[in-house]
Amino acid sequence: MTTENDRTAKAGGASFHEMWRDLAPLGRHRDSGGYRRYAWTAADADCRAWFRQQAEARGLTYEVDRNGNQWAWLGDPLAGDAVVTGSHLDSVPDGGAFDGPLGVVSSFAALDELLARGARFARPLALVNFGDEEGARFGLACVGSRLTAGQLTVEQAHRLTDADGITLPRAMEAAGHDPDALGADPERLGRIGAFVELHVEQGRALDLSGDRVGLASAIWPHGRWRFDFRGEANHAGTTRLADRRDPMLSYAETVLAARREAELAGAVATFGKISVEPNGVNAIPSLVRGWLDSRAADQPTLDQVVDGVEKAARSYAEAHGIDLDVVRESFTPVVEFDHALRDELARILGADADLRVPVLGTGAGHDAGILSASIPTAMLFVRNPTGVSHSPAEFAAEDDCVAGVLALADALEGLACK
Ligand SMILES: [Zn+2]
């Protein structure tokens, strides 16, 4: 399709390049090279100003919803059955450039691509920047989408506090957003027919399969379990090995068991956080507390891994005279993305003979996962050659990013255009 729009609208690849360059310095830490774009901080305000500027430069209808999420509309926001795309601009501490921003920048670039193609829209299209997706400041991920979807109550939101003791409402207020209207927004969600989030892949599946772009099947079920190993504190110099009840030993063996169980099941299991009492160099610990994070493609596999780790931990604890408590601290069941929307996107993207779009699961949470309980959602992933994410080393090649923009444009065209 070509029309007179060709003369005014920039095609997706060119506009992606420009936007990426403009956004790159915002919130980047000079020493680490990573991003510190935490919700409702100055760096976040810069990113939000950038979003608003992009919306206004294109003549889109700009609005901020009651929960602080930013929207840019082409067409009537109230007409209903809208197609929405976007992601988030905030980051984890010293995060990479791609997690979140890739989806937002690609949304604008995909719109530019469609305008350059002369696309005619039959449904309203909105681009969105969800607030506080990473939860770096207040400790809970996906706050903007959770509030909107009614998965976080206003009371819970009011209790969220950052490391300096500032509550979420106060932080919002300081950043110029009125927190009084916080809350579920079913009316807004009711006007959305489909949400598509493009995201950098946070693993190596696409690199291994040799594909630039993938389609999400599901977000793996995942949870956190706390393992408390209790022994007896004693002197590291004078206590004979045979007389010790050292919980560090059974903890260490359990870490290895977690790795073994995960390998056997094709899942992942990680002890990434530990606390030790009394935590002295010359003291045998009295308590070793380790947190297990485990994720798997399906519930029975995850159960098998965690049961296996717990069983191993109990036998090691018994062998060393250690008391063990295991507590599940959080759990999120599998999120299956809408099958009809996924099949439709597979059909639309499958029409491009040069593009193979494998369907893959992911172990990471996203706004699309939160919204999937309320509206049909789908996700596109862009290849990440090392799989590294939540780090300054996170990367996607520009060619692959542009392939993502074009795939997103095709998807939006198929869903929203005549
Ligand atoms: Zn993300």
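Located above this text is the structure these notes cover.
Please read all numbers here as calculations on a predicted model, not as lab measurements.

Quick notes on the rules
- Residues numbered from 1 in each chain as written.
- Predicted model: local features only at pLDDT ≥ 70, side-chain atom pairs only at ≥ 80, totals over all residues.
- Heavy atoms only, no water.
- Helix = DSSP H or I, 4+ residues; strand = E, 2+ residues; numbered from the N terminus.
- Rg over C-alpha atoms; globule rule 2.2 N^0.38 Å.
- Buried < 20%, exposed > 50% of the residue type's maximum accessible area, 1.4 Å probe, protein only.
- Donors = N, O, S within 2.8 Å, 3.2 Å for Na, K, Ca; no water.
- Contact = heavy atoms within 4.5 Å.
- 1 Å grid on protein atoms, 1.4 Å probe; cavity = no way out; pocket = protein on both sides within 12 Å on 5 of 7 lines; lining within 4 Å.
- Points joined across faces, edges and corners; volume = space filled by probe spheres on them.
- Nonpolar A, V, L, I, M, F, W, Y, C, P; charged D, E, K, R; others polar.
- Pairing = 2+ DSSP bridges.
- Axes fitted to C-alpha atoms, helices over the stretch in contact; angles between N-to-C directions.

(A) Just the overall build of the protein, in detail. Secondary structure assignment for the protein yields 13 helices and 15 strands. Computed over its C-alpha atoms, the radius of gyration of the protein comes to 24 Å, within 12% of the 22 Å expected for a compact globule of 418 residues. In terms of overall dimensions, the protein has C-alpha extents of about 85 × 50 × 40 Å along its principal axes. Relative to its 418 residues, the protein shows a buried fraction of 53%.

(B) Geometry of the coordination of the zinc ion. Coordination of the zinc ion by the protein involves His 88 (NE2), Asp 99 (OD) and His 199 (NE2), with metal-donor separations of 1.9 to 2.2 Å. Between consecutive donor residues of the zinc ion, the sequence gaps follow H-x10-D-x99-H. One end of the pair, His 88, is in strand E3 (residues 82–88); the other, His 199, is in strand E5 (residues 192–200), and 111 residues separate them in sequence.

(C) Representation of the environment of Ala 368. Note that Ala 368 resides in helix H12 (residues 367–371). For the pair Ala 368 and Val 84, spaced 284 residues apart in sequence, the C-alpha to C-alpha distance is 11 Å. The residues touching Ala 368, leaving out its near neighbours within four places in the chain, are Phe 195, Glu 197, Phe 337, Thr 377, Ala 378 and Met 379.

(D) Highlighting empty space enclosed by the protein. Scanning the model with the defined rule gives three cavities of 30 Å³ or more in all. For the largest cavity, the calculated volume is near 50 Å³. Class assignment for the residues of the lining of the largest cavity results in six nonpolar, no polar and one charged.

(E) Structural context of the sheet that holds strand E9 (residues 268–277). With antiparallel pairing, four strands are arranged side by side in an open sheet as E9-E11-E7-E12. With partners counted over all chains shown, the strands left at the sheet margins are E9 and strand E12 (323–332), one partner each. Going from strand to strand, the sheet's axes swing by 20° on average, the running direction of each strand aside. The pairing of strand E7 (residues 222–230) with strand E11 (residues 287–295) spans nine bridges and is antiparallel. Bridge pairing in E11 links His 222 to Arg 295.

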